[in-house]
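Below are the chains, spelled out letter by letter.
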Amino acid sequence: MSVPASHTEEHPLNVRGPARPPTPRRRPRALGALAALALAAGTALVAVQPAAAATAARVDNPYAGATTYVNPDWSALAAAEPGGDAVADEPTFVWLDQIAAIEGDSEKRGLREHLDTALDQGANLVQLVVYDLPGRDCAALASNGELGPAEIGRYESDYIDPIADILDDPAYASLRIVTLIEPDSLPNLVTNAGGTAGSTDACATMKANGNYEKGVGYALHTLGAIPNVYNYVDAAHHGWLGWDSNLVPAAQEFKKAATTSGATVNDVAGFIVNTANYSATTEPYLKITDSVNGQTVRQSKWLDWNQYADEQTFAQGLRTALVAQGFDSGIGMLIDTSRNGWGGSARPTAPSTATSVDAFVDGSRTDRRIHAGNWCNQSGAGLGERPAASPATGIDAYVWAKPPGESDGSSKAIDNDEGKGFDRMCDPTYTGNGRNGNSMSGALADSPVAGHWFSAQFRQLLANAYPPVGSPGGGDTRAPSVPAGLKVTGTTAASVSLSWSASTDDTAVTGYDVYRDGTKVTTTSATSYTDPGLKASTAYAYTVRAKDAAGNVSAASAAVTGTTAASGGGGGTGACAATWKANTWSGGFQADVTLKNTGDRPLTAWKATFTVPSGTVVTNAWSATVSVSGTTATATHVDYNTDIAAGGSVSFGYQGTGTYAAPTSVTVNGQSCALS
Ligand code: BGC
């Protein structure tokens, strides 16, 4: 892995290599959305369209409702550490970091074996890192790879093609396969290949020969042709690309690579930030808009005029810039939260009261690094958010891309046969790098070669986890069960009300943390909460975690969206209540729905949106037009029930195949409905 560059560096656009002729590709099958037309009044059921093939449909967010593969190789290493069993069941990415990793060996299973094991586990989502570009890790030495800068041909034929052949096997068609494409490569072209202070000759070579862009384009194109693959491109982190002068050129560079070697933007499901880095997901006590004594915190040494103070706001800002470059408006972001927890005794518990900008920022930030450019085996770091789907707006998931406990690089030169070098940013005594202002590297001592197990680091990560995972080595380390059944029970123009089912625990659940868009808004001992002070007509994503007295915290619940009602119109709320009744039978179901307008204004030309399990196919419907795309269903009025008067209601129904589950959230005309 590599280093960020300072924002002061230039980032001229790359010299582009000759265009490759597009390679023949397998086309993804069409999405399986089915519009079942509304029928005449009454309850007569008539099938209007055949069922679409559920297996081929790419869903909007592959993590929503997924069961993710736990890599038993990593899991065994984690579980063997004291207290490690508390997190050993977390899903981590499988790194295909050399050609030999595709086959595997006696110590690490190969790709097929991982996929087979995933099926055995009953998982339906597998996470892979594609990481073997020619001239890999050009701005650093610790993760240099096996392929020389010119070996693009071998990359394509000996690495990407064999991976694609395996992933395309129909035996794995039921798996959603998430691929993380080539960490650090394109960001290095943006900031470290321009002949400036932060640049390296190796990155200049990769920029000149175009092999990073060709390789990434080839990987996107070849893997993107497989219908159940979801490509996420690596997009560094806020301490690297968080200045607009880097962010916009980065978005352009991503677009360029995603349209090289036959790839198109449609081969990209999204982007990942913070891969193998340590930047905090959210900074609860430090916002980029804060000022101290009239001075913006952006001018602090730590933030150095960055436009972002944490990864989540960066990911959301970058997403907007990517869509502006022409990426699909449905792209989602991932955040690697494996090692950005920053818990333990050094963690601030409130904003600093200091009155100078630097002292305020240093006292308020949870990221305790010496410099935001430090990246190797950071001292003081902890495990971050446990993997979770849909944690905030625009974010598909928090993931553990870097398996915690695997080294970032060796603290001294160590012979190896993987092409890995010795980067002094992994040496705790080093102060010679301009990119971190010549400060200390912050690395732990006695670390092994990148990717090798580093027991002392794992133990530190566990001890400093945030959210905490309990006390390693003894006492109560079991987290409560994940809160189930989270739903929106009502909305006004300024509030969203939620309820969920109680969690269980081996000792006792002491409370619940409620998160709005990834930020904790309250801790409550109840199983319901009304979130006040919100903006009208706005969608908010909520999750809940359960806690026990020992500080163990559950993973986040599935997210629900609460949309506040429109304001104005004489204070009318126009919100609604929905009732779902179902009959189910083997492989099918019938749902009868009533929507009631509980507001004081009509809901005109009503359109309801609600969640359905993945694989749901609607075969017919009455008194509404019902269609399904992935895990979202839409029901639209028909000509005889266009409006729902204030206090009035409409009923409709539908039949379908697949597993039935009552929706977890329903909106009508964009407003959340209370569910019963
Ligand atoms: C290493 C890879 C390793 C990965 C995950 C990288 O820094 O270069 O060999 O698989 O980290 O630990």
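Residues numbered from 1 in each chain as written. Predicted model: local features only at pLDDT ≥ 70, side-chain atom pairs only at ≥ 80, totals over all residues. Heavy atoms only, no water.

Q: For this particular structure, what's the right way to read the overall build of the protein?
A: When its secondary structure is counted, the protein shows twelve helices and 27 strands. Every one of the 676 residues in the protein was classed for burial, and the buried ones make up 56%. Excluding contacts between residues fewer than 6 apart, the proportion of contacts in the protein whose partners are at least 24 apart in sequence is 76%. In the form shown here, the protein has an accessible surface area of approximately 24,600 Å², with 52% of it arising from carbon and sulfur atoms. (Helix = DSSP H or I, 4+ residues; strand = E, 2+ residues; numbered from the N terminus. Buried < 20%, exposed > 50% of the residue type's maximum accessible area, 1.4 Å probe, protein only. Contact = heavy atoms within 4.5 Å. Areas by Shrake-Rupley, 256 points an atom, 1.4 Å probe, with all protein chains shown as cover.)

Q: Help me understand the site of the ligand, please; the structure alone is not making it clear to me.
A: With respect to spatial proximity, eleven residues lie near the ligand, and among them Asp97, Ser143, Lys402, Glu406 and Lys420 are the closest. Aspartate 97 places a side-chain nitrogen or oxygen 2.5 Å from an oxygen atom of the ligand. Between the ligand and lysine 420, the relevant distance is 2.8 Å, taken from an oxygen atom to a side-chain nitrogen or oxygen of the residue. Judged by its atoms lying within 2 Å of the grid points, the ligand is housed in the second largest pocket. Per-class residue counts for the shell around the ligand are five nonpolar, two polar and four charged. (Near = heavy atom within 4 Å. Polar contact = N/O pair within 3.5 Å; in protein donor to acceptor, adjacent residues only side chain to side chain. 1 Å grid on protein atoms, 1.4 Å probe; cavity = no way out; pocket = protein on both sides within 12 Å on 5 of 7 lines; lining within 4 Å. Sits in = over half its atoms within 2 Å of the grid points. Nonpolar A, V, L, I, M, F, W, Y, C, P; charged D, E, K, R; others polar.)

Q: Help me understand the pairing of strand E5 (residues 229–234), please; the structure alone is not making it clear to me.
A: Where a strand is regular, its side chains alternate between the two sheet faces. Of all six residues making up E5, six are buried, and the element is well covered by its neighbours. Along E5, one buried face is formed by Val229, Asn231 and Val233 and the opposite face, lined by Tyr230, Tyr232 and Asp234, is buried too. Direction of pairing for strand E4 (residues 176–181) relative to E5: parallel, over a ladder of five bridges. Bridging from a neighbouring strand, threonine 179 pairs with asparagine 231 of E5. When E5 meets strand E6 (residues 270–273), the two strands line up parallel, connected through three bridges. Following the sheet pairing, tyrosine 232 is matched in E6 by glycine 270. (Pairing = 2+ DSSP bridges.)

Q: Explain the packing of aromatic side chains here, please?
A: In this description, a pair of aromatic rings is defined by centroid distance and the angle of the planes. Under the definition given, this model contains 14 aromatic pairs. Look at phenylalanine 589 and tyrosine 654: their rings are 5.9 Å apart centre to centre, the planes differ by 85°, and that puts the pair in the edge-to-face class. Residue phenylalanine 589 is found in strand E20 (residues 588–597), and its partner tyrosine 654 is found in strand E25 (residues 649–657); the two are separated by 65 residues along the sequence. We classify phenylalanine 589 as buried; its relative accessible area is 1%. When its relative accessible area of 2% is taken as the criterion, tyrosine 654 is described as buried. Ring-pair connections join several aromatic residues into one group, and the members of that group are Trp580, Phe589, Trp606, Phe610, Phe652, Tyr654 and Tyr660. For the cation-ring pair, arginine 365 lies above tryptophan 302, with the distance from its terminal atom to the ring centre recorded as 3.7 Å. It is arginine 545 that lies over the ring of tyrosine 515; its NZ or CZ is 5.4 Å from the centre. (Phe/Tyr/Trp six-rings, centres within 6.5 Å; stacked < 30°, edge-to-face > 60°. Lys NZ or Arg CZ within 6 Å of the ring centre and 35° of its normal.)

Q: Sorry if this is basic, but what is going on with the pairing of strand E21 (residues 607–611) here?
A: Here E21 shows a clear split, with Ala608 and Phe610 buried on one side and none of Lys607, Thr609 and Thr611 buried on the other. In this structure, E21 lies alongside strand E24 (residues 632–636), joined through five bridges in antiparallel fashion. Of the residues in E24, the one forming a bridge with alanine 608 is alanine 635. Here E21 pairs with strand E26 (residues 666–668) via three bridges, running antiparallel. Its bridge partner being in E26, alanine 608 is matched across the sheet by valine 668.

Q: Mind showing me how you'd approach the sheet that holds strand E14 (residues 509–516) here?
A: Picture the strands of a sheet paired through backbone hydrogen bonds; they go either parallel or antiparallel. Strand order in the open sheet formed by four strands is E15-E14-E17-E18, and the pairing between neighbours is antiparallel. Since the sheet does not close on itself, it has two edges, and those belong to strand E15 (519–524) and strand E18 (560–563), each with one partner. Direction aside, the axes of adjacent strands within the sheet are offset by 35° on average. (Axes fitted to C-alpha atoms, helices over the stretch in contact; angles between N-to-C directions.)

Q: Quick question: what am I supposed to make of the environment of valine 273 here?
A: Summarising the element assignment, valine 273 is placed in strand E6. When the C-alpha atoms of valine 273 and methionine 333 are compared, they prove to be 7.5 Å apart, with 60 residues separating the residues in sequence. With sequence-adjacent residues up to four places away left out, valine 273 is seen in contact with Ala235, Ala236, Glu311, Phe314, Ala315, Leu318, Met333, Leu334, Ile335 and Asp336.

Q: I'm lost on the packing of helix H4 (residues 152–167) against helix H7 (residues 211–224) in this one. Help?
A: For any two helices packed against each other, the geometry comes down to the angle between their axes and how far apart the axes lie. Their axes nearest at 10 Å, the elements H4 and H7 cross at an angle of 20°. Taken together, the axis directions place H4 and H7 in an arrangement best described as roughly parallel. For the pair H4 and H7, the sense of crossing is right-handed. From H4, Ile152, Tyr155, Glu156, Ile160, Asp161, Ile163, Ala164 and Leu167 reach across to H7, where they touch Asn211, Lys214, Gly215, Tyr218, Ala219, Thr222 and Leu223. (Parallel < 35°, antiparallel > 145°, perpendicular 65-115°, else oblique. Left-handed = near helix turned anticlockwise from the far one by under 90°.)

Q: Would you mind showing me how to read the layout of surface pockets here?
A: To find the voids left in a structure, one rolls a probe of water-molecule size over its atoms. If you add up the space inside the second largest pocket, you get close to 880 Å³. Lining the second largest pocket are 34 residues, with Asp97, Gln98, Lys108, Glu406 and Gly451 positioned closest to its centre. Here the lining of the second largest pocket is composed, by residue class, of 13 nonpolar, eight polar and 13 charged. (Points joined across faces, edges and corners; volume = space filled by probe spheres on them.)

Q: Whenever I open this one, helix H12 (residues 455–463) confuses me. Can you help?
A: What sets the pattern is the α-helix's 3.6 residues per turn: residues three or four places apart point alike. Those residues of H12 that sit buried are Gln457, Phe458, Gln460, Leu461 and Leu462. Summarising the contacts, the buried residues of H12 are in contact with helix H1 (72–79).

Q: Before we go on, may I ask you to explain the sheet that holds strand E11 (residues 395–399) in this structure?
A: Pairing within the open sheet is mixed, and its eight strands lie in the order E2-E3-E4-E5-E6-E9-E11-E10. The open sheet is flanked by strand E2 (94–96) and strand E10 (388–392), the only strands paired with a single partner. Shown here is a sheet whose adjacent strand axes are inclined to one another by a mean of 30°, direction ignored. Contacting E2, strand E3 (125–130), E4 and E5, H4 crosses the sheet at an angle of about 180° to E3.

Q: Could you clarify how one ought to interpret the pattern of salt bridges in this entry?
A: Oppositely charged side chains can form a pair if their charged atoms are brought close together. In total, this model carries 17 salt bridges according to the counting rule given. Between arginine 365 and aspartate 362 there is a salt bridge, and its shortest N-O distance comes to 3.1 Å. Residue aspartate 362 is classed as partly exposed on the basis of its relative accessible area of 31%. Residues participating in the shared-partner salt-bridge network are Glu151, Arg154 and Asp158. (Salt bridge = Lys/Arg side-chain N within 4 Å of Asp/Glu carboxyl O.)

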